Structure formats: structure tokens, C-alpha cells
Amino acid sequence: MTKAALREAFRRSIPILCSYAFVGMAYGMMMAEAGQKWYVALLISLAVYTGAFQFVLISFLAAATPLGTVALTALLKKPLNKITINDIAEDCGINRMTFYYHFKDIYDLVEWVCLEDARRALDGKSSYDTWQQGFIQIFQAVQENKPFVMNVYRCVSREQVERYLTPLTDNLIMGVINELSANMVVREEDKAFIARVYSYAFVGLMLDWIKDDMLQPPQELVARLARLLKGSMAAALARFRL
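Residues numbered from 1 in each chain as written. Predicted model: local features only at pLDDT ≥ 70, side-chain atom pairs only at ≥ 80, totals over all residues. Heavy atoms only, no water.

Draft legend 1. Inspection of the overall build of the protein at higher detail. A tally of helices and strands in the protein yields 13 helices and zero strands. Mapped from its N terminus to its C terminus, the protein presents α and β elements in the order α-α-α-α-α-α-α-α-α-α-α-α-α. Looking at the protein residue by residue over its 242 residues, the buried ones come to 38%. As presented, the protein carries roughly 14500 Å² of accessible surface, and 59% of it is formed by carbon and sulfur atoms. (Helix = DSSP H or I, 4+ residues; strand = E, 2+ residues; numbered from the N terminus. Buried < 20%, exposed > 50% of the residue type's maximum accessible area, 1.4 Å probe, protein only. Areas by Shrake-Rupley, 256 points an atom, 1.4 Å probe, with all protein chains shown as cover.)

Shown next, in the form of C-alpha cells:
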């Protein structure tokens, strides 16, 4: 193909390029309004080749947040084991397939709600100097959603509740461990082992606190925990140092 033919082909494609540019800008703005990151819009544009379906995906991606809100509201009215996917979908104004696009079942939705609460509660409080405040904020987040948490606690096994609570502390503990081991050579599996041991202690403490109806002030509980653990994490890492 000659250069002249290429120039002519490009000239004729300019109207189509302009239309795609405006559609792309509209799509990007709608994704931003739905709370999605810019790179999500870029990845979807690269992977999905049907323009109309890209716009349909916006509502699918935006559905997770209202699903969590509806789940919290539903758990104020009835036990977790009495709530159905149809209940959630109808209250949210979506169909079952949209629900399954985000979550495999009700328990998966509950786990997501817990993780989102933990993410907001921690908000960067996962360093050695800030872990106590981060842990207090996790306790406070659980306390603020007390009806939701107590409903889940009464309706599922202790192991299931432990599964919900463990991710709440994992990021916090690993942040502290990574900071303390910055100048050490410690295998990643040893770091993970230490984090898991502390996670069991933290989650066990929180489960007992929930069982006792969250009566003890979080600040008091975390202060006692801090006295107990002072220096122990650094000492544990030193023992595993290569």
C-alpha cells in the first residue's frame, strides 16, 4: 500500500475516530461517576470490543456498593439464614444474574462488606506506630455495625465468623511485620507464619469481645494488648532472621 493510499485512508477515517473519541470520553466520565478507577475503564476498553456492552458493564460494576448497603439493611430486619438472594436483588432493583456477577452467595457478600469496612477503618493505619489506632478503628467499625455483626455471629458457625474477621487484621499485621523486617532477611513464608499466629490472637480476642456483647471499650482492650505484645513481634522476626 502506498503512502498516498494510507493518507487517504486516514483522512476518511477521521470522522469515525472523532466519534470514538467522544464516546470514549463519555464512557470515562460515566465510569468515574460510578466510582471506578481510570485504569479499570482503560482495561475494559482494551478487553471488551462491544461498545454498547461496555456501557452496560457500568451498572454491573456499580451494583456491589448498593448490594452491601441493602445487605446491611436486610440484616437489621431478619436473621442472615432467612435472607435470600431474591430479597437482596429485589430491594436493590437488579436481577439475580447481576448479583452473581459480583458474589457467589449471601455469605460472600457479607465477607465483602466486612472487608470494605476494614479497608475504610484502617485507612493506612498499618505501620508499627499506627497499628494500635488501626486496631481500635476496626473494633469501632464492628461496634458501629453491631446489629449486623451480632446477626451474623448468631446465624453462622464460629469458623465462618473467624473467616470474616481474619482479613480485617491480616493487612494490619503484615504492614507492621514488613516494616519491622525492612532491614532483616526473613523468608516470606516465615513472615506469613508470624502474621498468622498474631492474627489468631487478634481474631480470638475480637470474637470473645463480640460474644460478650462488645461491652469493653476498644481503647482499653487494645491498650492491654499493646502492653502484652510490646517488642514481641520484632523478637519473633529476629528468631527467624537468616
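Draft legend 2. A look at unusual backbone geometry. Despite not being glycine, D213 has its phi angle at roughly 65 degrees, a positive value. Topologically, D213 is positioned in the loop between α11 (188-211) and α12 (218-229). Owing to a relative accessible area of 32%, D213 belongs among the partly exposed residues under this scheme.

Draft legend 3. Just the nonpolar core, in detail. W131, F135, M206 and I210 are the most contacted members of the largest nonpolar core, which totals 51 residues. Listing elements by their share of this core, those giving two or more residues are α5 (85-92), α7 (106-122), α8 (131-144), α9 (146-155), α10 (158-180), α11, α12 and α13 (232-239). Top element by residues in this core is α11. It accounts for nine residues. (Core = buried A, V, L, I, M, F, W, Y, C linked by side-chain atoms within 4.5 Å.)

Draft legend 4. Representation of the packing of α10 against α11 in the model. With their axes 7 Å apart at the nearest point, α10 and α11 run at an angle of 130 degrees to one another. Compared by their axis directions, α10 and α11 come out oblique. Here the hand of the crossing between α10 and α11 comes out right-handed. (Axes fitted to C-alpha atoms, helices over the stretch in contact; angles between N-to-C directions. Parallel < 35°, antiparallel > 145°, perpendicular 65-115°, else oblique. Left-handed = near helix turned anticlockwise from the far one by under 90°.)

Draft legend 5. Examining the side chain of S181 more closely. Turning to its location among the elements, S181 is positioned in the loop between α10 and α11. When its relative accessible area of 3% is taken as the criterion, S181 is described as buried. In contact with S181, not counting residues within four places along its chain, are K191 and L237. (Contact = heavy atoms within 4.5 Å.)

Draft legend 6. Just the packing of aromatic side chains, in detail. Across all of its chains, the model carries five aromatic pairs by this definition. Ring centres of F139 and W209 lie 4.7 Å apart, and the angle between their planes is 80 degrees; this geometry places the pair in the edge-to-face category. On the criterion of sequence distance, the pair formed by F139 in helix α8 and W209 in helix α11 is long-range, its members being 70 residues apart. A residue is classified by how much of its surface remains accessible, and F139, at 0% relative accessible area, is buried. (Phe/Tyr/Trp six-rings, centres within 6.5 Å; stacked < 30°, edge-to-face > 60°.)

Draft legend 7. Highlighting the pattern of salt bridges. This structure, assessed with the given rule, holds five salt bridges. We note a salt bridge from K146 to D213, for which the minimum N-O separation is 3.3 Å. Taken together, the residues K146 in helix α9 and D213 in the loop between α11 and α12 connect sequence positions 67 residues apart. Residue classification places K146 among the partly exposed positions, given a relative accessible area of 27%. A salt bridge links R187 to E189, with the shortest nitrogen-to-oxygen separation between them at 3.8 Å. Judged by its relative accessible area of 43%, R187 falls in the partly exposed class. A single salt-bridge network, built from bridges that share partners, covers R187, E189 and D190. (Salt bridge = Lys/Arg side-chain N within 4 Å of Asp/Glu carboxyl O.)

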